[in-house]
Amino acid sequence: MKWTQSIIRHSLTTFFATVLLLTAAGTLIAGEVTIPMPGPWGKYHETLDDPADVDAPEAFQRFRQQSMQGTSATYRSIEQILRYGAPFAGRLPDLAEELARRADDIETWFARETPARHGEPGALPAAWEDPDFAEYKAAYREAAQQLQRKVESAEDLGNEDFQLRATEALNGVRHHCLACHDNYRRR
């Protein structure tokens, strides 16, 4: 009898703990969906924001943010080579070309007005209101193209003099990024 009561008590405890856990989990992941993601190494499941909860302006804004993060990663890769001596100077032409190509996309990133929500980090409404914003974008594109031209014309990508000149050009790209962010981005 004691043994049966113990099993019943354990079963009820496990059942209620499971219900509580599932209820809490459902509350924590509201607005998300889990979908199967078959891949070359087998099936797995990935949790994503529910597409029904993401409107078009938010998707556009996320696209811009992700694109800018990719640009930042390309910039940082070049920086590691030029400033810190990462042994990948042979990759500079491809990276500089990628950075310039991404800079050409800046018009796409800001094609629609999608300012950050009140209090959240992101683009300020001034980005679309200020006619000088176009000059900031053009200067950024030119700085990225200048870096690409320096890299393309280099005879020796590992040469210290070239790396100093290329670092100056990279500083120009960073200057234009920061100037724009200082005026048109809430952090």
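Up top you'll find the structure we're talking about.
The rules we used
- Residues numbered from 1 in each chain as written.
- Predicted model: local features only at pLDDT ≥ 70, side-chain atom pairs only at ≥ 80, totals over all residues.
- Heavy atoms only, no water.
- Helix = DSSP H or I, 4+ residues; strand = E, 2+ residues; numbered from the N terminus.
- Buried < 20%, exposed > 50% of the residue type's maximum accessible area, 1.4 Å probe, protein only.
- Contact = heavy atoms within 4.5 Å.
- Salt bridge = Lys/Arg side-chain N within 4 Å of Asp/Glu carboxyl O.
- Axes fitted to C-alpha atoms, helices over the stretch in contact; angles between N-to-C directions.
- Parallel < 35°, antiparallel > 145°, perpendicular 65-115°, else oblique.
- Left-handed = near helix turned anticlockwise from the far one by under 90°.
- Nonpolar A, V, L, I, M, F, W, Y, C, P; charged D, E, K, R; others polar.
- Pairing = 2+ DSSP bridges.
- Expected span 1.5 Å × (residues − 1).
- Arc of directions from axis to C-beta.
- Disulfide = S-S within 2.5 Å.
- Core = buried A, V, L, I, M, F, W, Y, C linked by side-chain atoms within 4.5 Å.

A. Quick peek at the side chain of Thr 167. Within the fold, Thr 167 resides in helix H7 (residues 160–184). For Thr 167, a relative accessible area of 13% corresponds to the buried category. Look past the residues within four positions of Thr 167 in its chain and what remains in contact with it is Leu 82 and Arg 83.

B. Local environment of the pattern of salt bridges. In total, this model carries 11 salt bridges according to the counting rule given. Arg 83 is paired through a salt bridge with Glu 79; the nearest N and O atoms lie 3.0 Å apart. A relative accessible area of 8% means that Glu 79 is categorised as buried. A salt bridge links Glu 107 to Lys 137; the nearest nitrogen and oxygen atoms lie 3.1 Å apart.

C. Representation of the packing of helix H2 (residues 56–82) against H7 in the model. In contact at an axis separation of 10 Å, H2 and H7 are set at 150° when each is read in the N-to-C sense. Taken together, the axes of H2 and H7 are roughly antiparallel relative to one another. Taken as a pair, H2 and H7 cross one another with a handedness that is left-handed. Contacts between H2 and H7 involve Met 68, Tyr 75, Arg 76, Ile 78, Glu 79, Ile 81 and Leu 82 on the former and, on the latter, Gln 163, Ala 166, Thr 167, Leu 170, Val 173, Arg 174 and His 181. When the residues that make up the contact of H2 with H7 are grouped by side-chain class, the tally is eight nonpolar, three polar and three charged.

D. Examining the pairing of strand S1 (residues 32–39) more closely. Bridge count between S1 and strand S2 (residues 42–49): eight bridges; the pairing is antiparallel. Counted as the bridge partner of Pro 36 is His 45 from S2. Counting the residues that bridge the hairpin from S1 to S2 gives two residues.

E. Looking closely at helix H6 (residues 133–153). Its 21 residues place the ends of H6 31 Å apart at the C-alpha level, agreeing with the 30 Å of an ideal helix rising 1.5 Å per residue. Of all the residues in H6, the buried ones are Phe 133, Lys 137, Tyr 140, Arg 141, Ala 143, Ala 144, Leu 147, Gln 148 and Val 151. Projected down its long axis, H6 shows its buried positions confined to an angular sector of 155°, all on one face. Among the exposed residues of H6, those pointing more than 90 degrees away from its buried face are Glu 135 and Ser 153.

F. Geometry of the state of the cysteines. A full pass over the atoms with the stated rule returns zero disulfides. Unpaired in terms of disulfides, Cys 177 finds its nearest cysteine sulfur in Cys 180, a separation of 8.2 Å. Overall, the relative accessible area of 13% leaves Cys 180 in the buried class.

G. Looking closely at the nonpolar core. Counting residues in each nonpolar core, the largest one holds 29 residues, and the members touching the most others are Ile 78, Leu 92, Leu 147, Val 151 and Val 173. Listed by contribution, the elements that provide at least two residues to this core are H2, helix H3 (92–104), helix H4 (106–109), H6 and H7. The leading source of residues in this core is H7, at seven residues. Setting aside residues up to four positions removed in sequence, Leu 147 forms contacts with Ile 78, Leu 99, Ala 166, Ala 169 and Leu 170.

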